[in-house]
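Close look at the chain arrangement
What follows is the residue order along each chain.
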Amino acid sequence: MADGTPRLRVGMVGYAFMGAAHSHAWRNAHRFFDLPLTPELTAIAGRNEAAVSAAAERLGWNSVETDWRRLLERDDIDLIDICTPGDTHPQIAIAALEAGKHVLCEKPLANSVAEAERMTDAANAAAANRVFAMCGFTYRRVPALSLARRFVEEGRLGEIRHVRAQYLQDWLSDENAPLTWRLDKSKAGSGALGDIGAHVIDLAQWVTGSDIVGLSAIVNTFVTERPVGGDMVGLGGTGSSDAEKGPVTVDDAAAFTARFDNGSIGVFEATRFALGRKNTIRLEVNGSKGSIAFDFEDMNELEYYDGTEDAEVQGFRRIIVTDPAHPYVANWWPAGHGLGYEHGFTHQVVDLVRDIAAGVQPRPSFDDALQVQRVLAAVENSADARSAWQTIQ
Ligand code: SOE
């Protein structure tokens, strides 16, 4: 801990995959970046005392609570980090903001537009008192994607014409993968659409600087019931094929075409059944002067096509995004050494801490996340209406 630097005391709710990734970021951010506030892992909350105590030991938290409300009552906590399923986001975030605590909330913001609107209203009210909220779309903070946005902002791509975005996983391809909260609409809100489609919706809008204003969609559920219980090894795992089964109440895959407010058009796909694709996030943007292409499986690279070069040298070039001139990387390793999935979470903490200290609204804000929520709802409404066009206000 940097001596003399004021602390930012964090209370986290939840300790599964996202809890572990966030804990890693809170522990390391100030050790690699100069921060105006030093994060402190003050308390972690979970309903099961034995499990949350073990998580505190494993992840480095100073104390535990078995009721998240206790975090809001403690005057030794400045920020609430919400790493729980979406059905809990509104209650925790609104109460935390009203208690004067900053909030970092995992994506998607909520399970409905109405809930996201209530959260956004609470965040905007709190911001007037310099209490801030951010939504955890961490892929914005992959250096190659931050570089892609920089290229668009600098006009290197010219007028944006096309966006092609995919988020492909395969951890549910096994029909015996157990029924978990991510497959329960009452907890997750939607399936692949909100869990991973939300990421590429946010990325497409953020990299291009343009919002989706209309779309037409389909969704599909390939496996309609799954074994209850079973080992949840990471994401997926395998339950017993002869176990009791429960209903899957969310989409397994979604696909949609979209119009952006800058006149460009987009094609989107999100699925957890793309057998062989473990965590493939692909984004290609084509403009009048240039294109970029990104694939998370090569997350330290950005492909860039400069259409203004002389014809004989034109071609997609592979930028290795590890040079000190690139976003974030100067604080890590020498050029060429590369970063991983977890670094986006650390960069998220870096930007959040710096913005809180500076008294400026961190991004993505709840307003940004509400726009994503409107797109998610439009996809579901379109799919329900036989792909009828949906306009997003
Ligand atoms: C599961 O699909 C998941 O853990 C998502 O919930 C995360 O947001 C994504 O970063 C990795 O995959």
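Predicted, not measured: the structure shown is a model, and the values here were computed from it. (Residues numbered from 1 in each chain as written. Predicted model: local features only at pLDDT ≥ 70, side-chain atom pairs only at ≥ 80, totals over all residues. Heavy atoms only, no water.)

**Thoughts on the packing of helix α5 (residues 113-127) against helix α10 (residues 366-384)**
Where α5 contacts α10, the axes come no closer than 9 Å and their chain directions differ by 170°. By the angle between their directions, the pair α5 and α10 is classed as roughly antiparallel. The segment α5 lies against α10, with Val-113, Ala-116, Glu-117, Met-119, Thr-120, Ala-123 and Asn-124 engaging Phe-366, Asp-367, Leu-370, Gln-373, Arg-374 and Ala-377. Of the residues in the contact of α5 with α10, the class split is seven nonpolar, three polar and three charged. (Axes fitted to C-alpha atoms, helices over the stretch in contact; angles between N-to-C directions. Helix = DSSP H or I, 4+ residues; strand = E, 2+ residues; numbered from the N terminus. Parallel < 35°, antiparallel > 145°, perpendicular 65-115°, else oblique. Contact = heavy atoms within 4.5 Å. Nonpolar A, V, L, I, M, F, W, Y, C, P; charged D, E, K, R; others polar.)

**Some thoughts on the site of the ligand**
Every one of the twelve residues lining the ligand counts as a neighbour, but Lys-107, Tyr-139, Gln-169, Asp-195 and His-199 are closest to it. In the model, an oxygen atom of the ligand is placed 2.8 Å from a nitrogen or oxygen of the Gln-169 side chain. Contact distances for the ligand include 2.8 Å between an oxygen atom and a side-chain N or O atom of His-199. A total of three residues in the shell around the ligand trace back to one element, the largest contributor, which is helix α8 (residues 192-208). Taken together, the residues of the shell around the ligand break down into seven nonpolar, two polar and three charged. (Near = heavy atom within 4 Å. Polar contact = N/O pair within 3.5 Å; in protein donor to acceptor, adjacent residues only side chain to side chain.)

**Focus: the sheet that holds strand β1 (residues 7-13)**
Pairing in this open sheet of six strands is parallel, and the strands run β3-β2-β1-β4-β5-β6 from one edge to the other. A strand with exactly one partner marks an edge of an open sheet, and here the two such strands are β3 (64-65) and β6 (133-136). Note that strand β4 (residues 79-82) and strand β5 (residues 102-106) share four bridges and pair parallel. Its bridge partner being in β5, Leu-79 is matched across the sheet by His-102. Sheet contacts for helix α1 (residues 17-32): β1, β2 (38-45), β4 and β5; angle to β2, the most-contacted strand, approximately 155°. (Pairing = 2+ DSSP bridges.)

Nothing here speaks to function; it is geometry throughout.
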